[in-house]
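These are the residues of each chain, in order.
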Amino acid sequence: MDIELWKNSVLEFVQANQAYAPFVLGLMTFAESLAFVSLLLPTMTILIAVGFILAAADIPFWQAWTGAVCGAFLGNWVSYAVGQRYKKAAYGVWPLSRNPKLIVRGEDFFQRFGPWAVFLGRFFGPIRAVIALIAGIFLMPGVLFQAANLASASVWAFVILAPGAGLAQYLLW
């Protein structure tokens, strides 16, 4: 398999479809931030690589970042709403029902850090999958949750996309 051919094919595809890049990134970060789904999809590594691909395809960083922020924000918001609506019954849904230790760790993390848990939890893989759900279950005030959610989504999207984009700038130019 010719790596150069593969690389060029991916770049050509991304360049030809660059208008969809923010939307696709939004879907990826939505899935990564949504309770239940994020336990099944290991998109974090892919997202870091996507930063490199987007920069190499000349897609403006701010467009990619905006899509990633929107998806991450909405994924946590939906998880929070599920927690508010279904309370601890949500713990019985697969794959959370198979991870009781993750639920305990998430609850402990939330109890320890309070509102900061929503911001900090986004940066820790397993906790990211449940922290918004737990915030909803524990009835964290909506305004406080959304402020932490937006702030963490903004920083997190930058942290996952910037290394690849910066490396692409360094390697390609």
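Here, every reference points to the structure presented above.
What counts, and at which threshold
- Residues numbered from 1 in each chain as written.
- Predicted model: local features only at pLDDT ≥ 70, side-chain atom pairs only at ≥ 80, totals over all residues.
- Heavy atoms only, no water.
- Core = buried A, V, L, I, M, F, W, Y, C linked by side-chain atoms within 4.5 Å.
- Buried < 20%, exposed > 50% of the residue type's maximum accessible area, 1.4 Å probe, protein only.
- Helix = DSSP H or I, 4+ residues; strand = E, 2+ residues; numbered from the N terminus.
- Salt bridge = Lys/Arg side-chain N within 4 Å of Asp/Glu carboxyl O.
- Phe/Tyr/Trp six-rings, centres within 6.5 Å; stacked < 30°, edge-to-face > 60°.
- Lys NZ or Arg CZ within 6 Å of the ring centre and 35° of its normal.
- Axes fitted to C-alpha atoms, helices over the stretch in contact; angles between N-to-C directions.
- Parallel < 35°, antiparallel > 145°, perpendicular 65-115°, else oblique.
- Left-handed = near helix turned anticlockwise from the far one by under 90°.
- Contact = heavy atoms within 4.5 Å.
- Nonpolar A, V, L, I, M, F, W, Y, C, P; charged D, E, K, R; others polar.

1. Details of the nonpolar core
Within the largest apolar cluster, 24 residues are counted, with the highest numbers of intra-cluster contacts made by Leu 96, Phe 110 and Leu 133. Contributing elements (two or more residues each) for this core: α5 (100–113), α6 (116–121), α8 (131–137) and α9 (142–172). At six residues, the largest contribution of residues to this core is made by α8. With 21 residues, the next largest nonpolar core counts Leu 47, Ile 59, Ala 68 and Ala 157 among its residues.

2. A word on the pattern of salt bridges
What the rule picks out here adds up to two salt bridges. Where Glu 32 meets Arg 128, a salt bridge forms, and the shortest distance between an N and an O atom there is 2.8 Å. With Glu 32 in helix α2 (residues 21–33) and Arg 128 in helix α7 (residues 125–128), this residue pair connects regions lying 96 residues apart in the sequence. Arg 128 matches Glu 32 in its accessibility class, with the two residues each being buried. As a salt-bridge pair, Lys 88 and Glu 107 come within 3.6 Å of each other at their nearest N and O atoms. Within this pair, whereas Lys 88 is found in the loop between α4 (61–86) and α5, its partner Glu 107 is found in helix α5, the two being separated by 19 residues in sequence.

3. Observations concerning the packing of aromatic side chains
Taken as a whole and assessed by the stated rule, the structure comprises eight aromatic pairs. Ring geometry for Trp 116 and Phe 119: centres 6.0 Å apart, planes at 80 degrees, overall edge-to-face. Remark: Phe 119 and Trp 116 occur in helix α6; sequence separation between them is three residues, near one turn of the helix. Looking at Trp 116, the relative accessible area reads 57%, which means it is exposed. Judged by centre distance (5.6 Å) and plane angle (45 degrees), the rings of Phe 119 and Phe 123 are tilted. You can call Phe 123 partly exposed: its relative accessible area is 30%. An aromatic cluster of at least three residues, connected via ring pairs, comprises Phe 109, Phe 113 and Phe 124. For the cation-ring pair, Arg 85 lies above Tyr 86, with the distance from its terminal atom to the ring centre recorded as 4.9 Å. Here Arg 122 stacks its cationic end above the ring of Trp 156, 5.8 Å away from the centre of that ring.

4. What to know about the packing of α2 against helix α3 (residues 43–56)
Here α2 crosses α3 at 160 degrees, and the two axes come no closer than 10 Å. Between α2 and α3, the interaxial angle falls into the category roughly antiparallel. The handedness of the crossing between α2 and α3 is left-handed. Mapping the contact onto sequence places Ala 21, Leu 25, Met 28, Thr 29 and Glu 32 in α2 and Thr 43, Met 44, Ile 46, Leu 47, Val 50 and Leu 54 in α3. In the contact of α2 with α3, the residues fall into eight nonpolar, two polar and one charged.

5. A short note on the environment of Ala 81
As for its position among the elements, Ala 81 is in helix α4. Classification of Ala 81 by relative accessible area gives partly exposed; the value is 35%. Along the sequence, Ala 81 and Leu 139 sit 58 residues apart, while their C-alpha atoms lie 9.8 Å from each other.

6. Let's talk about unusual backbone geometry
With phi around 50 degrees, Lys 87 is a residue other than glycine that occupies positive phi space. Here Lys 87 is to be found in the loop between α4 and α5. Among the residues examined, Lys 87 registers a relative accessible area of 33% and is labelled partly exposed. If you check the backbone angles, Leu 139 has positive phi at about 55 degrees while not being a glycine.

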